[in-house]
Amino acid sequence: MQKFQDSGAKVFAISTDPSPSQKAWAESLGLSFPLLSDFLDRKVSQEYGVYLPKLGFSNRVTFVIDREGKINFIESGGDAMKILGAGDACNRLAHKKS
């Protein structure tokens, strides 16, 4: 988290899980960033192309979005949970604004 904070990044997560489940998960992991729920209509997941309709949930994907709203980096699958590339992408964006 320090790497993201140092780059000026804002970190949050969106999932298709309901808010009570997210709250319990966040508390169990001691997460310090907000979790947003896309449970009701899965609109965000669909618009980002990560929703898996046959399974009823979204693929794990990490996006780095710059200040202009442009997707600058995408990491999916197991790598999305490691977030190593996302940290590097945030650092590049932080240096770009300097």
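Shown above is the structure to which this text applies.
Here's a quick rundown of the structure.

A look at the pattern of salt bridges
No. 1: Enumeration over the complete set of coordinates arrives at 1 salt bridge.
No. 2: Of the charged contacts in the structure, one is a salt bridge between K82 and D79, with a shortest N-O distance of 3.6 Å. In this pair, K82 and D79 both sit in helix α4 (residues 78–82), 3 residues apart, roughly one turn of the helix.
No. 3: D79 gets classed as partly exposed once you look at its relative accessible area, which sits at 40%.

So, the pairing of strand β5 (residues 61–65)
Residues in a regular strand project their side chains so that they alternate between the two faces of the sheet.
No. 1: Alternating residues of β5 divide into T62 and V64, all buried, and V61, F63 and I65, none buried.
No. 2: The sheet contact formed by β5 and strand β6 (residues 71–76) spans 5 bridges and is antiparallel. Paired with F63 across the two strands is I74, which belongs to β6.
No. 3: Where β5 folds back on β6, the antiparallel hairpin that results is connected by 5 residues, among which G69 adopts a positive phi of roughly 90°.

Criteria and cut-off values
- Residues numbered from 1 in each chain as written.
- Predicted model: local features only at pLDDT ≥ 70, side-chain atom pairs only at ≥ 80, totals over all residues.
- Heavy atoms only, no water.
- Salt bridge = Lys/Arg side-chain N within 4 Å of Asp/Glu carboxyl O.
- Helix = DSSP H or I, 4+ residues; strand = E, 2+ residues; numbered from the N terminus.
- Buried < 20%, exposed > 50% of the residue type's maximum accessible area, 1.4 Å probe, protein only.
- Pairing = 2+ DSSP bridges.

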